[in-house]
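Descriptive structure summary
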Amino acid sequence: MEAEAPDLPVEVICYIMRFLSLSDRKEASLVNRAWYAASLDRSLQKDVIYNLQASSTFLESLRDLGWRQSLYMALSNLDGAPISKMVIQSIVLHLAAHLENLSLRGSYITEASFVTLITACHNLRGLDISGCNCLFMSGTLLSKDESKVRMAEALVNLKELNLSNLRYLSDLTFDRLTDCTPNLRKLSLASCHITFGFDPYHGANTSNSTAVLSLRNILRFINRRAATLKILNLSRTTITSEAVLSVVQVAGLCLEGLELQHCKGITDEAVSAICACQPGLATLDLTGCAELTGKSVLAIASSLRCLECLSLGRIRHITDSVLKDLPTIRTLQALDISECYQVSGCDLVKGLASPKAASKLVRLNFSCCTMVNDSCLFSMAKILGRNLRELDLTSCLYISDISVHAIANHLRGLTVLRLGWCKKITDWGLLGLIKANDDSQPHNKEIRFDELRTLSLSMVREITDESIVSIATHCRSLEQLSLSHCGQLTDQGLIGAVSHLKRLTHLDISCCDKITIHLFPCRKVESDLVLVDVTPPVSAPRMLEVLLKECKWLESLDVSMCGGLTIADIEGLQLLHPTLTDVHARCLGEADLPPTLGTETGQELKGERER
């Protein structure tokens, strides 16, 4: 008789789990108590975010999270109500000592509650208060010396501060808050109302306005923190080229990341100045800077030799030829050229194939590049091979089954693949078949992607149940699957697919009219809802039962505009599936709606749980 394998020490299990993805760790934690305890190790919690609402439901959970020593938490629905104060007090008692990242995005937290919460968090590295306008409306935040001193003690190690979307942020409140963060590395002021065109102080040596946030005051801050500040986000502001020049020319400033999304005042001259003054940039986001041309791309390719991530989406003056030199940047890993309608990718392929090419792209976004065709994608797939991890081809209208074959044969390392709105793709591509006259010959029937986590096939209307089942059979690591507007998909195909997708967390089957999730009668037994043993007719597939049994991790489901469903069906599904906390069910009927589930047509059902 073979001896039983000895139990592994928790330290060894923790070490093993470091090599697993988040979903794999989730599965491994169910092995036994030792593996569950190991999965909660502090070193493994860095990529886990706990999303909690300020409600009595989650008060009990906060104590458990304190035991887990959670590092990252996002709180919503905070306001001045008593329950919010109770939640904050519980966080201060059980969690504050361990928190390293805290998000209060869009909440209505009061100044007193904010000070109470933050001054108890002495290990914060990241703080997100974007959209918290109530904090800044009165202009009195941190006006008391005692509060400011306590805040400075708590935020002495803060590295990242997100002040985006703050309508009432002024020079005075900005200074009070940033004075408490001497080691700030990343600052976001995206979508803030900043005055760039004039000096509100008319040259006076002061910055105490309670009404405006001025470029002059931001420059004073950057000058003081030039040695530590590395990442700056000024996206969706009215920043001008002159203002950009004044920022990047600050003495001693060595930026690693600069985000200027949808800053329409940026010109090619400004980008040239960025490249000349900040050659050490690793990340540059110019998405939506509509006035830029190919000159900016040439300046980037020739000057930014440490660049890792470049976003050029929605710059419609960019042509194919200027992309040829980008692959010579040895460090380049991510390239976004989405919605660049003059780009076909042919010159990028030439650059990747040239002897001077040094970059190994990991992420590539061609979304809405309608000139991309099969020939380009086939050549690119052969060059990039297993290095490519994420590929977005959404709305590349001219790619067909040939491109799918190229992806299946060469890009076996993909974790994210988006093919939404690629309407020429059919079952032939997804099943690995080649048309020869009127006959079909099998070609690489097993389209296998062992590491694929996200797949979008929305609006690919020619695919059928056979393709979906085949994909699910050979891509069993899928966590997010989008099949919106796939009109030929039926209950039978979805049942066959989800039975293989044990890790599925997000499913989008909106606008699939042939999907009908049938509920069965239920009764109360010892205060628990259970299914009655009633065999449905053959014409009514037991879709609900399959979802409950096979997709135990399902969190998000979109069934909007599915003609075969009713609000009552979705209410019942949510009641019987404890992890299903985010349900989108717009424009459904109300047939057979129980009196206790009064829900208006088109209502979106939502919930949250710890993640």
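Residues numbered from 1 in each chain as written. Predicted model: local features only at pLDDT ≥ 70, side-chain atom pairs only at ≥ 80, totals over all residues. Heavy atoms only, no water.

**With respect to the overall build of the chain**
Put simply, the rule is: Each helix is a run of DSSP H or I of at least 4 residues and each strand a run of E of at least 2, with the numbering of both proceeding from the N terminus. The cut-offs for exposure are 20% and 50% of the maximum accessible area for each residue type, with area from a 1.4 Å probe on protein chains only; residues under the lower value are buried, those over the upper are exposed, and the others partly exposed. Note on contacts: a residue pair qualifies if any of its non-hydrogen atoms lie within 4.5 Å across the two residues. Working definition of accessibility: Shrake-Rupley area with a 1.4 Å probe, residue cover restricted to the visible protein chains.
The secondary structure content of the chain amounts to 20 helices and 26 strands. A buried classification covers 53% of the 611 residues belonging to the chain. Nonlocal contacts in the chain, meaning residues at least 24 apart in sequence, comprise 77% of its contacts between residues at least 6 apart. In the structure as shown, the chain presents an accessible area of about 27,600 Å², 52% of it carried by carbon and sulfur atoms.

**A short note on the packing of helix α8 (residues 171-178) against helix α9 (residues 215-224)**
For the record, the criterion: Only the stretch in contact is used when fitting a helix axis, every axis being a line fitted to C-alpha atoms; angles between N-to-C directions are given from 0 to 180 degrees. Here is the rule for angles: anything less than 35 degrees is roughly parallel, anything more than 145 is roughly antiparallel, 65 through 115 is roughly perpendicular, and the remaining ranges are oblique. Take the far helix as the reference: if the near one is turned anticlockwise from it by less than a right angle, the crossing is left-handed, and if turned clockwise, right-handed. Under the scheme applied here, ten amino acids are nonpolar (Ala, Val, Leu, Ile, Met, Phe, Trp, Tyr, Cys and Pro), four are charged (Asp, Glu, Lys and Arg), and all others, including Gly, are polar.
At a closest axis distance of 10 Å, the pairing of α8 and α9 adopts a crossing angle of 15 degrees. When the interaxial angle is binned, α8 and α9 end up roughly parallel. Note that α8 runs across α9; the crossing there is right-handed. On the side of α8, the interface is formed by D171, F174, D175 and T178, while α9 contributes N217, F221 and R224. In the contact of α8 with α9, the residues fall into two nonpolar, two polar and three charged.

**Description of helix α11 (residues 268-277)**
The periodicity of an α-helix, 3.6 residues per turn, causes residues three or four places apart in sequence to face the same way. Listing the buried residues of α11 in full gives D268, A270, V271, A273, I274 and C275. Next to the buried residues of α11 lie α10 (241-248), β10 (257-259) and α12 (294-303).

**As for the confidence of the model for the chain**
Rule in force here: pLDDT is a per-residue confidence score from the predictor, ranging from 0 to 100.
Here the chain shows a mean pLDDT of 86. Residues at 70 or above account for 88%. With pLDDT under 50 throughout, residues 519-541 is counted as low confidence; its partners more than four residues away or in other chains account for 28 contacts. When the criterion is pLDDT under 50, residues 591-611 qualifies, and its contacts beyond four places in sequence or with other chains add up to 61 contacts.

**Remarks on helix α15 (residues 401-410)**
For α15, the buried fraction is high: seven of the ten residues fall into the buried class. All of the buried residues along α15 are D401, S403, V404, H405, A406, I407 and A408.

**Overview of unusual backbone geometry**
Positive phi, normally seen in glycine, also occurs at L142, with a value near 60 degrees. The phi dihedral of R314 is positive, around 65 degrees, even though this residue is not glycine. With respect to the element layout, R314 can be found in the loop between β12 (309-311) and β13 (334-336).

**Quick look at the pairing of strand β2 (residues 72-76)**
Filter applied, for reference: When DSSP finds two or more bridges between a pair of strands, those strands are recorded as paired. With the strands aimed away from the viewer, a crossover counts as right-handed if its path from the first strand over the helix to the second runs clockwise.
The buried count for β2 comes to four of five residues, which makes it a mostly enclosed element. By the bridge criterion, four bridges tie strand β1 (residues 50-53) to β2 in an arrangement that is parallel. When the bridges of β2 are listed, N51 appears paired with A74. Sheet topology places β2 next to strand β3 (residues 101-103); three bridges connect them, and they run parallel. Opposite A74, over in β3, you have S103 as the bridge partner. Handedness of the β2-helix α5 (residues 82-94)-β3 crossover: right-handed.

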